[in-house]
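A look at the structure
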Amino acid sequence: MKLFLTVFLTIFLAEIGDKTQLATLMFSAQNKSKFLIFLAASSALVAAAGLGVLAGAVIQNYLPLKYIRLAGGFLFIMLGILMLVGKF
């Protein structure tokens, strides 16, 4: 349960106010079928998360966890910098 709550809260907080949520908001404002938009957006997020889990499962067979964490941290910082300078 602790793992579930950690992952849920981390992803939930990371998604609030991001481009995905804003795009979903725009679709919802422009269309009457709110449930269809919710279903499509939820399915897309589940599929994206599934790809992340699959990639992590494959990568762990080839790299030690230490290097995976370093690479993840580096990519996170680089994406933040790119967003700050308007390149992403």
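These figures come from a predicted structure and were not determined experimentally. (Residues numbered from 1 in each chain as written. Predicted model: local features only at pLDDT ≥ 70, side-chain atom pairs only at ≥ 80, totals over all residues. Heavy atoms only, no water.)

Describing the overall build of the protein chain
Stated formally: Going along the chain from the N terminus, every DSSP run of H or I of four or more residues is numbered as a helix, and every run of E of two or more is numbered as a strand. Relative accessible area decides the class of each residue, using a 1.4 Å probe on protein chains only: under 20% of the type maximum gives buried, over 50% gives exposed, and in between gives partly exposed. Surface accessibility in these figures is a Shrake-Rupley result with a 1.4 Å probe; residues are shielded only by whichever protein chains are displayed.
In terms of regular secondary structure, the protein chain is built from four helices and zero strands. If you line up the protein chain on its principal axes, its C-alpha atoms span 50 × 35 × 25 Å. Across the 88 residues that make up the protein chain, the buried fraction comes to 2%. Carbon together with sulfur atoms contributes 78% to the accessible area of the protein chain, which is approximately 7800 Å² in total.

Structural notes on the confidence of the model for the protein chain
Inclusion rule: Residue-level confidence of the predictor is what pLDDT reports, using numbers from 0 through 100.
When the pLDDT values of the protein chain are averaged, the result is 91; 99% of them are 70 or greater. Looking across the protein chain, the model is least confident in helix H1 (residues 2–15), with a mean pLDDT of 90, and most confident in helix H3 (residues 34–59), with 94.

A word on the packing of aromatic side chains
Using the following cut-off: Geometry of aromatic contacts follows a simple scheme: Phe, Tyr and Trp rings, the Trp one being its six-membered ring, pair when their centres are within 6.5 Å, and the pair is stacked under 30 degrees between planes, edge-to-face over 60, tilted otherwise.
Following the criterion strictly, the structure yields two aromatic pairs and no others. Taking the centre distance of 6.2 Å and the plane angle of 15 degrees together, the rings of Phe-4 and Phe-8 count as stacked. Pair noted here: Phe-4 and Phe-8 are both in helix H1, with a separation of four residues, about one helical turn. A ring pair is formed by Phe-8 and Phe-12, whose centres lie 5.7 Å apart and whose planes are at 10 degrees; its orientation type is stacked. Here Phe-8 and its partner Phe-12 are both found in helix H1, four residues apart, which amounts to about one turn of the helix.

Side note on a nonpolar patch on the surface
The criterion, for reference: A patch consists of residues exposed above 30% relative accessible area that lack any salt bridge, with like charges linked at up to 9 Å and nonpolar side chains (Val, Leu, Ile, Met, Phe, Trp, Tyr) linked at up to 5 Å. Any Lys or Arg side-chain nitrogen located within 4 Å of an Asp or Glu carboxyl oxygen qualifies as a salt bridge.
On the surface, Phe-74, Leu-75, Ile-77, Met-78, Leu-79, Ile-81, Leu-82, Leu-84 and Val-85 cluster together into a nonpolar patch covering about 870 Å² of accessible area. Assignment of secondary structure puts Leu-84 in helix H4 (residues 65–84).

Structural notes on the packing of helix H2 (residues 19–30) against H3
Going by this rule: Only the stretch in contact is used when a helix axis is fitted, and all axes are lines through C-alpha atoms; the angle between N-to-C directions ranges over 0 to 180 degrees. Oblique is the label for any angle not covered by the other classes, which are roughly parallel (under 35 degrees), roughly antiparallel (over 145) and roughly perpendicular (65 to 115). If you view the pair so one helix is near and one far, a crossing is left-handed when the near helix is turned anticlockwise from the far one by less than a right angle, and right-handed when it is turned clockwise. What makes two residues a contact is simply this: any of their non-hydrogen atoms within 4.5 Å.
Look at H2 against H3: their axes get within 10 Å of each other, and the N-to-C directions meet at 160 degrees. With respect to H3, the axis of H2 lies roughly antiparallel. Considering only the axes of H2 and H3, their crossing is right-handed. Touching Thr-20, Thr-24, Phe-27 and Ser-28 of H2 are Lys-34, Ile-37, Ala-41 and Leu-45, all from H3.

Focus on the environment of Ala-44
Within the element layout of this structure, Ala-44 appears in helix H3. For the pair Ala-44 and Thr-20, spaced 24 residues apart in sequence, the C-alpha separation works out to 9.9 Å.

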